[in-house]
Amino acid sequence: MKDFRKSVVYQIYPRSFNDSNGDGFGDLRGVIEKLDYLKELGVDYIWLTPFYISPQKDNGYDVADYYHIDPSFGTMKDFEDLAHEAEIRGIDLMLDMVFNHTSTEHQWFKKAMEGEEKYKNFYIFKEGREGQPPTNWISKFGGSAWEYVEKFDQYYLHLFDVTQGDLDWTNSEVREEIYQVVNFWLEKGVKGFRLDVINLISKPHVFENDYLGDGRRFYTDGPNIHTYLKELNERSFGQHPDVITVGEMSSTSVEQCIKYSNPTEKELSMVFNFHHLKVDYKDGDKWSLMDFDFNMLKSIFKEWQEGMQAGNGWSAVFWCNHDQPRIVSRFGDEGEYHVQSAKMLATSIHLMRGTPYIYQGEEFGMKNPGYTSINQYRDVESINYYHILKEQGVDEEQILKILRAKSRDNSRTPMQWDKSAHAGFTDGTPWIEVGATYESVNATTALAHEDSVFYHYKKLIQLRKKYDIISEGQIEIILDEHPQVLAYKRQLDNQTLIVLNNFYQQEINVELPQTRVSSSQILISNYSDSPTLSENLILRPYESVAYLIMKTL
Ligand code: TEU
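Calculation criteria
- Residues numbered from 1 in each chain as written.
- Predicted model: local features only at pLDDT ≥ 70, side-chain atom pairs only at ≥ 80, totals over all residues.
- Heavy atoms only, no water.
- Near = heavy atom within 4 Å.
- Polar contact = N/O pair within 3.5 Å; in protein donor to acceptor, adjacent residues only side chain to side chain.
- Areas by Shrake-Rupley, 256 points an atom, 1.4 Å probe, with all protein chains shown as cover.
- 1 Å grid on protein atoms, 1.4 Å probe; cavity = no way out; pocket = protein on both sides within 12 Å on 5 of 7 lines; lining within 4 Å.
- Sits in = over half its atoms within 2 Å of the grid points.
- Nonpolar A, V, L, I, M, F, W, Y, C, P; charged D, E, K, R; others polar.
- Buried < 20%, exposed > 50% of the residue type's maximum accessible area, 1.4 Å probe, protein only.
- Helix = DSSP H or I, 4+ residues; strand = E, 2+ residues; numbered from the N terminus.
- Pairing = 2+ DSSP bridges.
- Contact = heavy atoms within 4.5 Å.
- Salt bridge = Lys/Arg side-chain N within 4 Å of Asp/Glu carboxyl O.
- Core = buried A, V, L, I, M, F, W, Y, C linked by side-chain atoms within 4.5 Å.

K.L.:
Before we go on, may I ask you to explain the site of the ligand in this structure?
P.N.:
With respect to spatial proximity, 16 residues lie near the ligand, and among them D58, D196, D323, E381 and R408 are the closest. Between D58 and the ligand, the recorded distance is 2.5 Å, taken from a side-chain N or O atom to an oxygen atom. Contacts to the ligand include E381, whose side-chain N or O atom sits 2.5 Å from an oxygen atom. Protein chains bury 90% of the 490 Å² of accessible surface belonging to the ligand in isolation. More than half of the atoms of the ligand fall within 2 Å of the grid points belonging to the largest pocket. The residue inventory of the shell around the ligand, partitioned by class, reads 4 nonpolar, 3 polar and 9 charged.

Structure (structure tokens):
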């Protein structure tokens, strides 16, 4: 049985990973073709974002049928072959489960719209107030979170797109349906689940206007959330001790995440949170431009790393996913120090306390694509905000600049396999344009160079398996006040691991006053001649070093 603390998960966005049939969309057969590549990297699980039947308004996060594969991704046979081929290579599958909402194309929603009471009760329909929606809540994708249905003279709740109706988890019939879905996939041999925005499923008892925010404080980590997760656990994956789960938690707290992931609570194995990825949001607004606030980043890591440890919770640690811009373009360097910064970012997160997640292309330093026209974007959120910003009078160039930095499409461009047409992703026309730098930044080039970013990731994965201190050591964030370096110390028995990461292009001095060591070795670094450990050392641009000390005197 795999220990999730010693494991690394690789996220695949199948639509953009590899197209096996030339239709321009990535598919499950395409994933099978690349399993040897993933084996070479050494990952333990692959998380596949949704491939179920869907109108694809939100690229599969709008599920119309949880039991069947969308034809654009292939067939159930393809899925079974994938599970089998992955298993042969020691890789397990983690599936994405979207249970906060369904597509409005789902049978349940369609029957609800036909007026069938049973199915209307699967969703959250409410009366308006004086010609206004039931509350003033704002959808995560912009605009009101309520859609008016004339036929019923009622509104339904959609925290995301208007085509994603929120399910009513107070209804036990809904919960039963969901357990059935999870159990169906468990029977297919799936060994992990990623639960989409799972901390939003419990809505408040009373629906009221939010005069302080967009409504999230009323439905985030809602009143019955822990009861629902305990029941879901007990009725499905909890019956399978070898199955792991990760909950995607929106705007949550350390306190809640301890409850979600402390094993004694019997809810989930681990949680994602996003606070560390909001440090470049001006006043909390994603659609703004701002350099990242390094101080804030450090204090968030301190709060979460040490806080989760204190409560015996467990985090998924990550920089990238299909909703986030590429990390080298964001907190690293796209130019001269591209490779060093990509490796530094990798080390900084992989040696923390938690299970690392790698998003396709991150392992060789993929960058944002650098789109210059709105026509190149596909993401519903980006397109909605393009119009919202336009209405606010922001000029076109400025909007495009914001999208270039913030759009979710930054991570959704085709996986860059090689320097051939469309980066080797498809023989046809890709559904979304390939990034500008694919000729130099691609998997084939990375595999051919032994000091590439790829082999750095590979080494980090191997180190996790070899050294318990990485998976089990106590963590303490050190050098709290240092303006350029994110540093931490891990401790297990008579071993200490010190990890230093320079997040900037300027060379910088680091003082480690209490460091008197009998012997230390460099476990991993991103320069071939990194300094040995001492009380006073200098780190070069984006330099990152991890020192293992056998005994502190
Ligand atoms: O995302 C949840 C979520 O709130 C975000 O990460 C979202 O993309 C961000 O707030 C936008 O600024 C999950 C999925 O990862 C995302 O792809 C889906 O669109 C969303 O849920 C709805 O299912």
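K.L.:
Sorry if this is basic, but what is going on with the pairing of strand β19 (residues 508–511) here?
P.N.:
Sheet faces and side chains relate simply in a regular strand, where the side chains alternate between the two faces. On β19, burial follows the alternation: I508 and V510 on one face are buried, whereas N509 and E511 on the facing-out side are not. Pairing between β19 and strand β21 (residues 536–539): 4 bridges, direction antiparallel. Considered in β21, the bridge of E511 is made with N536.

K.L.:
Help me understand the environment of I475, please; the structure alone is not making it clear to me.
P.N.:
Relative to the helices and strands, I475 is located in strand β16 (residues 474–478). If sequence neighbours within four positions are ignored, I475 has contacts with Q305, E306, Q309, M352, R353, Y488, K489 and R490.

K.L.:
Whenever I open this one, the pattern of salt bridges confuses me. Can you help?
P.N.:
Opposite charge on two side chains allows them to pair when their charged atoms are near. Within the structure shown, the criterion is met by 36 salt bridges. With a shortest N-O distance of 2.9 Å, E85 and R89 are connected by a salt bridge. As a salt-bridge pair, E543 and R540 come within 3.0 Å of each other at their nearest N and O atoms. Overall, the relative accessible area of 22% leaves R540 in the partly exposed class.

K.L.:
What is the right way to read the nonpolar core from this model?
P.N.:
The nonpolar side chains of a soluble globular protein tend to be buried, and buried together. Y10, W185, F193 and W319 are the most contacted members of the largest nonpolar core, which totals 149 residues. Ranked by residues supplied to this core, first place goes to helix α6 (residues 172–187) with 7 residues. With 15 residues, the next largest nonpolar core counts L200, F207, F218 and Y219 among its residues.

K.L.:
How should I be thinking about the pairing of strand β18 (residues 495–502) in this particular structure?
P.N.:
In terms of residue burial, β18 counts as a mostly covered element, since 8 of its 8 residues are buried. Because side chains alternate across β18, one face comprises the buried residues Q495, L497, V499 and N501, and the other comprises T496, I498, L500 and N502, equally buried. Pairing analysis gives 8 bridges linking strand β17 (residues 485–492) to β18, with the strands arranged antiparallel. Looking across to β18, one finds that R490 is bridged to L497. Following β17, the chain reverses through 2 residues before pairing antiparallel with β18; D493 in that reversal takes a positive phi of roughly 50°. Relative to strand β22 (residues 544–549), β18 is paired through 6 bridges, and the arrangement is antiparallel. Across the sheet, residue T496 finds its bridge partner in β22, namely I549.

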